[in-house]
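# Structural features, examined
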Amino acid sequence: VAYSLSYRNIEELLAERSIAVDHATINRWVVKYSPQLAARFMKKRKHIAASWRMDETYIKVKGKWMYQYRAVDKEGNTVDCYFSKKRDKKVAIKFFMKSIKSSRKPIKINIDKSGSNNVAFKDINKGLRKSQRIEISQCKYLNNIVEQDHRFIKKITKPTLGFKSYHSAAATLDGIELHHMLRKNQIKNSANKSIFEQFYDL
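This text gives an overview of the structure that appears in the document. Keep in mind it's a predicted model, so treat the numbers as computed, not measured.

Moving on, we come to unusual backbone geometry. Positive phi outside glycine occurs at Ser18, with the angle close to 60°. Considering the arrangement of structural elements, one finds Ser18 in the loop between helix 1 (7-16) and helix 2 (23-44). Classification of Ser18 by relative accessible area gives exposed; the value is 71%. A positive phi is found at Asn185, a non-glycine position, where the angle reads about 55°. Under the relative-accessibility criterion, Asn185 is labelled partly exposed at 32%.

The final tally for this structure, using the stated rule, is 10 salt bridges. Of the charged contacts, one joins Arg87 and Glu56 as a salt bridge, the two residues approaching to 2.6 Å between their closest N and O atoms. Linking Arg87 in the loop between strand 3 (78-84) and helix 3 (89-103) with Glu56 in strand 1 (residues 51-61), this pair joins segments that are 31 residues apart in sequence. Here Arg87 falls in the partly exposed class, since its relative accessible area comes to 35%. Between Glu177 and Arg70 there is a salt bridge; the shortest N-O distance is 2.6 Å. With Glu177 in helix 6 (residues 166-183) and Arg70 in strand 2 (residues 64-73), the pair connects residues that are 107 residues apart, well separated along the chain. Glu177 gets classed as buried once you look at its relative accessible area, which sits at 0%. Through salt bridges with shared partners, a single ionic network connects Arg70, Asp149, Glu177 and Lys184.

Below, the discussion takes up the sheet that holds strand 3. As summarised here, the arrangement of the 5 strands in space is 3-2-1-4-5, forming an open sheet in which the pairing is mixed. Since the sheet does not close on itself, it has two edges, and those belong to strand 3 and strand 5 (135-137), each with one partner. Neighbour-to-neighbour, the strand axes of this sheet turn through a mean angle of 25°, independent of strand direction. Here strand 1 pairs with strand 2 via 10 bridges, running antiparallel. Considered in strand 2, the bridge of Val61 is made with Lys64. Strand contacts of helix 4 (residues 115-126): strand 1, strand 2, strand 4 (108-110) and strand 5, with the helix running at about 135° to strand 1, the strand carrying the most contacts. Lying over the sheet, helix 6 contacts strand 1, strand 2 and strand 3, oriented at roughly 170° with respect to strand 3.

So, about the nonpolar core. In this structure, Trp52, Met54, Tyr69, Phe96, Ile109 and Phe121 are the most contacted members of the largest nonpolar core, which totals 17 residues. Of all the elements in the fold, those that place two or more residues in this core are strand 1, strand 2, helix 3 and helix 4. Among the elements that take part in this core, helix 3 stands out by supplying 4 residues, more than any other. Look past the residues within four positions of Phe96 in its chain and what remains in contact with it is Trp52, Pro106, Ile109, Phe121, Ile124 and Ile134.

Turning our attention to the packing of aromatic side chains. To describe a pair of aromatic rings, one takes the distance between the centres and the angle between the planes. Under the criterion given, the structure shown has 7 aromatic pairs. Centroid distance Trp52 to Phe96: 5.9 Å. Interplanar angle 70°. Geometry classified as edge-to-face. Of this pair, Trp52 sits in strand 1 while Phe96 sits in helix 3, and the two are 44 residues apart along the sequence. Its relative accessible area of 1% is what places Trp52 among the buried residues. An angle of 15° between the planes, with centres 5.2 Å apart, marks the rings of Phe83 and Tyr166 as stacked. Pair noted here: Phe83 is in strand 3 and Tyr166 is in helix 6, with a separation of 83 residues, a long-range link. Relative accessible area serves as the criterion here: at 6%, Phe83 is assigned to the buried category.

Rules used in this analysis
Residues numbered from 1 in each chain as written. Predicted model: local features only at pLDDT ≥ 70, side-chain atom pairs only at ≥ 80, totals over all residues. Heavy atoms only, no water. Helix = DSSP H or I, 4+ residues; strand = E, 2+ residues; numbered from the N terminus. Buried < 20%, exposed > 50% of the residue type's maximum accessible area, 1.4 Å probe, protein only. Salt bridge = Lys/Arg side-chain N within 4 Å of Asp/Glu carboxyl O. Pairing = 2+ DSSP bridges. Axes fitted to C-alpha atoms, helices over the stretch in contact; angles between N-to-C directions. Contact = heavy atoms within 4.5 Å. Core = buried A, V, L, I, M, F, W, Y, C linked by side-chain atoms within 4.5 Å. Phe/Tyr/Trp six-rings, centres within 6.5 Å; stacked < 30°, edge-to-face > 60°.

Right, here's the structure in full:
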C-alpha cells in the first residue's frame with residue numbers, strides 16, 4: 001500500500017530475494033491487517049484543525065464505480081475516510097458522523113457542489129443549536145487541497161486495474177490512507193522519524 005505496485009510485482013521482487021510468497025497471500029495480508037493498523041493509528045493521531053475540506057473520489061470495483069469519501073483539514077492533514085457503494089445523502093451523513101467521532105466536530109467545512117452533500121449537512125445543522133452549527137461553504141478554490149490529496153490515493157490504486165470485491169477494496173484503501181497519513185507525519189511524536197519508524201510504532 002506504500003507504492004504503485006501490483007501484488008504480482010511484489011511477488012516478483014520477493015522472489016528475487018529468494019522469498020516465495022504468492023500474490024494472493026499478500027492480498028490476504030493487506031485485507032487482514034490494514035484495517036487493524038488504521039484503527040490503531042487513529043488513536044495515536046495528532047490533533048486535527050477545525051476547518052475541513054470534504055470531497056469524494058472514484059474507485060472501480062468489479063467494473064463499477066464506487067466512492068471514497070475523504071476529508072482533510074485546512075493544513076492538508078487527513079481527517080477521515082469512508083468507502084461506499086453509493087453517493088447520496090445517507091452516505092454523506094454517515095461519513096460525516098464517522099469523522100466527528102474520530103476528529104471532533106469542525107467549525108467550518110467546505111464541500112463540492114453535490115446536492116446530496118449540501119442537503120446532508122443542512123440536515124445535520126438542523127439538529128444542532130444555533131451556536132453549535134457548522135459553517136458550510138461551497139468554494140471550489142478551497143477544495144483544491146483535498147482534490148490534490150486524492151492524487152496520491154489514485155496513484156496507488158491505479159496498478160490494481162480495479163478491485164475484485166468491496167471488502168477487499170475497503171481494506172486496501174484503509175492501508176493506503178494510513179500510509180499517506182504517515183507520510184504527512186500525522187502520528188504523535190513523529191518528529192525526525194521515517195515513515196517506517198512511525199509504522200513500527202503502531
